[in-house]
Amino acid sequence: MKTYRIATIPGDGIGKEVIPAGKALLETLAGTTQGFTFEFEDFDWGADYYRAHGIMMPADGLDALRGKDAILFGSAGDPDVPDHITLWGLRLKICQGLDQYANVRPTRILPGIDAPLKRCGPADLNWVIVRENSEGEYSGVGGRVHQGQPIEAATDVSILTRAGVERIMRFAFRLAQSRPRKLLTVVTKSNAQRHAMVMWDEIAQQIAREFPDVKWDKELVDAATARMVNRPASLDTIVATNLHADILSDLAAALAGSLGIAPTGNIDPERRYPSMFEPIHGSAFDIMGKGLANPIGTFWSVVMLLEHLGETQAAAHVMRAIEKVTADPALHTRDLGGIATTAQVTAAMCELVGKAAVAA
Ligand code: NAD
Ligand code: K
Ligand code: MN
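Worth saying up front: this structure is predicted, and the values here are computed from it rather than measured.

**Examining the overall build of the chain**
Next, step 1: Helices and strands together make up the secondary structure of the chain, namely 11 helices and 12 strands.
Next, step 2: Expected size for 360 residues packed as a compact globule is a radius of gyration near 21 Å; at 20 Å, the chain falls within 12% of this value.
Next, step 3: In terms of its C-alpha atoms, the chain occupies a principal-axis envelope of roughly 60 × 50 × 40 Å.
Next, step 4: Contacts in the chain between residues far apart in sequence, at least 24 positions, make up 75% of those at least 6 positions apart.

What follows is the structure in structure tokens.
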């Protein structure tokens, strides 16, 4: 029997509510199969750790993660600690330190979910957004001079490297090729960002030659938002820079019904390091500690984690359970217009997953 070593990092806010739910689901799943089991290690990194130690995670924290098979992450963000400290001190440190350069965000309208777009059903919206996750606008290069004075200046430099763009383009084309429609939209802003984004477009053209069976097109990022709303069925796989895809994927999550449902994977496609899976939402200060957090985003992240481990049967088993849960309005949390609690949704998921054995 295989044992997967999983690191769990709940982090802050509702991360502390949804990650235990995800772990409970994985434990239930392990009980239904002879095939594998999990060995968990929990890390208490985040804003509380910061208050005690002055850093979000220990200096040798990445070493503790390197030996894991995968990471399940909650959220970094606290009402009393500046966001740039929580983000750069934990989540970005892990993503960049473990070179998880491909951020993958599937979006679908699940059964039973009342999505906001008129004339847009599940058949019209089935996207995967690929976000460049290691450089671009979030390179971390920049600074402030003459702080507080009238001549103050501040920069955040967006750096794209040829190697960085080639690897994310290749990843996106390969992913598009693996999907039934073999369709890729390369999001750009090369009319205004006339250096880095022009290189981005040239590299897209170059990599496209390696994938003659993939149909692809280009879209400016502002036009892409309108296309997502007006012509959702014209999109399938989408690739964009760190910032552009960050914004597009929150829009995607909202168009599919709620930020509380959407999952993401921070992937190292070369598998040198563990990949990290998380719901795309943050700490949700307005609902934290109230048992109102929708755990579906975490459960779907668990599906992605299982797929990454190669446990495709188990992943499909959990995804079927998610679709049964979303189809039942009595199991909708407040973000979906219902009254169910995190605990009730988690109990229903565990019951469904535990009832049937994972198909061989
Ligand atoms: P958020 O995702 O925390 O919340 C946005 C809105 O969506 C809120 O109204 C919230 O209640 C709702 N929501 C989010 N997840 C939900 C869930 N599972 N169930 C029900 N409702 C849900 O975004 P924000 O308010 O912009 O950020 C709050 C904090 O989280 C900030 O500190 C931010 O930096 C951080 N953040 C972290 C991550 C991450 O760790 N990956 C991502 C986004 C935001
Ligand atoms: K998150
Ligand atoms: Mn975001």
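Additional details are given in the paragraphs that follow.
**Regarding the pairing of strand β4 (residues 102-108)**
Next, step 1: The buried fraction of β4 amounts to 6 of the 7 residues, a majority that puts the element mostly inside the structure.
Next, step 2: For β4 and strand β5 (residues 126-132), the ladder comprises 7 bridges, and the chain directions are antiparallel. Residue pairing in the sheet places R105 in a bridge with I129 of β5.
Next, step 3: As paired strands, β4 and strand β11 (residues 263-267) are joined by 3 bridges and run antiparallel to one another. Residue V104 lies in a different strand from β11, and its bridge partner there is G265.

**Thoughts on helix α5 (residues 162-178)**
Next, step 1: Here α5 is 17 residues long and its end C-alpha atoms lie 24 Å apart, about the 24 Å a rise of 1.5 Å per residue gives.
Next, step 2: The set of residues buried in α5 consists of V165, R167, I168, M169, A172, F173 and A176.

**Some details on the UniProt feature "domain: Isopropylmalate dehydrogenase-like" (unreviewed entry) in the chain**
Next, step 1: In the numbering used here, UniProt assigns the "domain: Isopropylmalate dehydrogenase-like" (unreviewed entry) feature to residues 5-349.
Next, step 2: Measuring from the first to the last C-alpha atom of residues 5-349 gives 22 Å, for a span that is 39% helix and 22% strand.

**Concerning the nonpolar core**
Next, step 1: Judged by nonpolar contacts, the single largest core of 95 residues is most densely connected at I129, V130, M169, I238, V239, F299 and V318.
Next, step 2: Among the elements that take part in this core, helix α9 (residues 296-308) stands out by supplying 8 residues, more than any other.
Next, step 3: Not counting chain neighbours up to four residues away, the residues in contact with F299 comprise G22, L25, V318, I322 and M349.

**Observations regarding the pairing of β5**
Next, step 1: Most of β5 is tucked away: 6 of the 7 residues are buried.
Next, step 2: In terms of strand pairing, β5 meets strand β10 (residues 237-240) through 4 bridges, oriented parallel. From the neighbouring strand, I129 faces β10, where its bridge partner is I238.

**What about the sheet that holds β5?**
Across a sheet, strands are paired by hydrogen bonds formed along the backbone, either parallel or antiparallel in direction.
Next, step 1: Here we have 10 strands laid out as an open sheet, ordered β2-β1-β3-β12-β11-β4-β5-β10-β8-β9, and mixed in their pairing. The outermost strands of the open sheet, each flanked by one partner alone, are β2 (36-42) and β9 (215-220). Across the sheet, the mean angle from the axis of one strand to that of its neighbour is 25°, orientation sign disregarded.
Next, step 2: Both β11 and strand β12 (residues 275-279) contribute to a ladder of 4 bridges, which runs antiparallel. Opposite N266, over in β12, you have M276 as the bridge partner.
Next, step 3: Running at roughly 165° to strand β1 (residues 2-11), helix α1 (residues 15-31) makes contact with β1, β2, β3 (70-75) and β12 of the sheet.
Next, step 4: Contacts between helix α6 (residues 196-208) and the sheet are confined to β8 (183-188) and β9, with β8 contributing the most and set at about 165° to the helix.

**Examining the environment of I339**
Next, step 1: Secondary-structure assignment places I339 in the loop between α10 (312-326) and α11 (342-355).
Next, step 2: For I339, a count of 12 C-beta atoms within 10 Å puts it in the exposed group.
Next, step 3: Expressed as a C-alpha distance, the spacing of I339 and L292, which sit 47 residues apart in the sequence, is 8.3 Å.

**So, unusual backbone geometry**
Next, step 1: Unusually for a residue other than glycine, D99 sits at a positive phi of about 45°.
Next, step 2: Its location among the elements puts D99 in the loop between α4 (83-97) and β4.
Next, step 3: With phi around 50°, A284 is a residue other than glycine that occupies positive phi space.
Next, step 4: Along the chain, A284 falls in the loop between β12 and α9.

**Observations concerning the environment of M276**
Next, step 1: When you line up the elements, M276 lands in strand β12.
Next, step 2: For M276, a count of 27 C-beta atoms within 10 Å gives the class buried.
Next, step 3: Between the C-alpha atoms of M276 and V358, which are 82 residues apart in sequence, the distance is 24 Å.
Next, step 4: Not counting residues within four places of it along the chain, the set of residues in contact with M276 comprises I71, F73, I94, C95, Q100 and N266.

Rules used in this analysis
- Residues numbered from 1 in each chain as written.
- Chains lettered and ligands numbered in written order.
- Predicted model: local features only at pLDDT ≥ 70, side-chain atom pairs only at ≥ 80, totals over all residues.
- Helix = DSSP H or I, 4+ residues; strand = E, 2+ residues; numbered from the N terminus.
- Rg over C-alpha atoms; globule rule 2.2 N^0.38 Å.
- Contact = placed C-beta atoms within 7 Å.
- Buried ≥ 20, exposed ≤ 12 C-beta atoms within 10 Å, placed from the backbone.
- Pairing = 2+ DSSP bridges.
- Expected span 1.5 Å × (residues − 1).
- UniProt positions renumbered as here; feature names shortened; annotations may be inferred.
- Core = buried A, V, L, I, M, F, W, Y, C linked by C-beta atoms within 7 Å.
- Axes fitted to C-alpha atoms, helices over the stretch in contact; angles between N-to-C directions.

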